[in-house]
Amino acid sequence: MKKLKTLALIPIGFTICLGLSSCTQPSKTATQPTNKLQGKLVLTGSSTVAPLVAEIGKRFESEYPDVRVDVQTGGSSRGIADARTAVANIGMASRSLKEEEKDLQAFSIARDGIGIILHKENSVKSLSNQQVIDIYTGKINNWQQVSGKNAPITVVNKAEGRSTLELFLGYFKLKNSDIKASVVIGDNQQGIKTVAGNPNAIGYVSIGTAEFSINNSVPIKLLPLNGVAATTENVQNGTFPLSRPLNLVTKIQPQGLDRAFIEFAQSPQVHDIVKKQDFVPISK
């Protein structure tokens, strides 16, 4: 009796791919295999988050040579808008999502605080919350009124669309129309440069960015808030009263290259970069 040749049975649900690079098993459609990552990622938004993401991007590119990471600034509002309209793969926002933005997805990669900065040579060592409010609303316009030297105060404020502005206003319960600004600036570096170049100026910026500048001999100093020193250590232990998450934002649940980059940015592999830029790492 002849033996019958048996045919290998193909399990139901299994997909046969013949030369189609886009064809994958159903269970693997969520993410691209990490060893085959390729393409370009565009991230836009917060000037606080951008330098951190740029460094993370360089390390990501070194691990995946076929990937290019393009980081652009413009403020958290731009990051939110670009993520929503798919102008960017991923938005960057140095704040939590607002109620009307809850249709988006946010992924925290670090934490930061917002601190008041003065020129290093300014003799004022601290300001009460009310004094800060009075300075920014024009009720106090000379440093002599807060135990400083006889000199007019240069009030440096952030431009509309900057999350730092929104958090500053929210904390001090002010409206932007209340502010009597001498100078309106965009990103943190511009704020630091303005205060470093004017001994009579006052501004507010990312604590991480300010500490990084101070450590690199930029002549500014951070003031305490409510008696708590403006340091990344106090942001980490939760005692500093004005802090925020640094987020990556997507329109939908990220897949493929977007997901791989976000997971990398949240991983312990980049904690050294986060700390080097004086931000607080977040453990998943």
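See above for the structure.
A brief structural summary. (Residues numbered from 1 in each chain as written. Predicted model: local features only at pLDDT ≥ 70, side-chain atom pairs only at ≥ 80, totals over all residues. Heavy atoms only, no water.)

**Thoughts on the overall build of the protein chain**
Right, on to step 1. Secondary structure summary: the protein chain contains nine helices and ten strands in total.
Right, on to step 2. Each of the 284 residues in the protein chain was classed as buried or not, and the buried ones make up 47%.
Right, on to step 3. Pairs at least 24 residues apart make up 72% of the contacts formed inside the protein chain by residues separated by at least 6 positions.
Right, on to step 4. Only carbon and sulfur atoms are counted for the fraction: they give 52% of the accessible area of the protein chain, which is about 14,800 Å². (Helix = DSSP H or I, 4+ residues; strand = E, 2+ residues; numbered from the N terminus. Buried < 20%, exposed > 50% of the residue type's maximum accessible area, 1.4 Å probe, protein only. Contact = heavy atoms within 4.5 Å. Areas by Shrake-Rupley, 256 points an atom, 1.4 Å probe, with all protein chains shown as cover.)

**Looking at unusual backbone geometry**
Right, on to step 1. Look at A86: it is not a glycine, yet its phi comes out positive at around 65°.
Right, on to step 2. For A86, the location among the structural elements is in the loop between α2 (76-85) and β3 (90-93).
Right, on to step 3. With phi around 55°, K173 is a residue other than glycine that occupies positive phi space.
Right, on to step 4. By the secondary structure assignment, K173 is in the loop between α4 (163-172) and β6 (183-185).
Right, on to step 5. Given a relative accessible area of 73%, K173 falls into the exposed group.

**What about the packing of aromatic side chains?**
Right, on to step 1. Enumeration over the complete set of coordinates arrives at eight aromatic pairs.
Right, on to step 2. Plain terms: the ring middles of F168 and F172 are 4.9 Å apart, the flat faces sit at 55° to each other, and that makes the pair tilted. Placement of the pair is F168 and F172 together in helix α4, with a separation of four residues, close to one helical turn.
Right, on to step 3. Of the residues examined, F172 reaches a relative accessible area of 5% and is grouped as buried.
Right, on to step 4. The structure contains a cluster of three or more aromatic residues connected by ring pairs, namely Y136, F168, Y171, F172 and Y204. (Phe/Tyr/Trp six-rings, centres within 6.5 Å; stacked < 30°, edge-to-face > 60°.)

**Brief notes about the packing of helix α5 (residues 188-196) against helix α6 (residues 207-215)**
Right, on to step 1. Two numbers describe how α5 lies on α6: the axes approach to 10 Å, and their chain directions differ by 50°. Here α6 runs oblique to α5, going by the angle between their axes. The interaxial crossing formed by α5 with α6 has right-handed handedness. Taking contact as the criterion, the partners of N188, Q189 and I192 in α5 are, on α6, T209, A210 and S213.
Right, on to step 2. Of the residues belonging to the contact of α5 with α6, the class tally is two nonpolar, four polar and no charged. (Axes fitted to C-alpha atoms, helices over the stretch in contact; angles between N-to-C directions. Parallel < 35°, antiparallel > 145°, perpendicular 65-115°, else oblique. Left-handed = near helix turned anticlockwise from the far one by under 90°. Nonpolar A, V, L, I, M, F, W, Y, C, P; charged D, E, K, R; others polar.)

**Quick look at the nonpolar core**
Right, on to step 1. Core analysis: the largest hydrophobic core is formed by 43 residues, its most contacted members being I135, Y136, W143, F168 and I202.
Right, on to step 2. Elements represented by at least two residues in this core include exactly β4 (105-119), α3 (129-136), β5 (154-158), α4, α5, β7 (201-206), α6 and β8 (220-222).
Right, on to step 3. With residues near it in sequence (within four places) discarded, I135 still touches L127, I140, W143, I153, V155 and I202.
Right, on to step 4. Membership of the second largest hydrophobic core comes to 29 residues, among which are F60, L246, F261 and F279. (Core = buried A, V, L, I, M, F, W, Y, C linked by side-chain atoms within 4.5 Å.)

**Things to note about the environment of P281**
Right, on to step 1. Within the fold, P281 resides in strand β10 (residues 280-281).
Right, on to step 2. Residue classification places P281 among the buried residues on the basis of a relative accessible area of 17%.
Right, on to step 3. Between the alpha carbons of P281 and A110 there is a distance of 4.8 Å; along the sequence they are 171 residues apart.
Right, on to step 4. Contacts of P281, omitting those with residues within four sequence positions, involve H271, V274 and K275.

**Comments concerning α2**
Within an α-helix, residues lying three or four positions from one another point in the same direction, as the helix has 3.6 residues per turn.
Right, on to step 1. Among the residues of α2, those classed as buried are S76, G79, I80, D82 and A83.
Right, on to step 2. Check the buried side of α2 and you find it contacts β1 (39-45), β3, α4 and β9 (243-250).
Right, on to step 3. Just beyond α2, the residue with positive phi is A86, at close to 65°.

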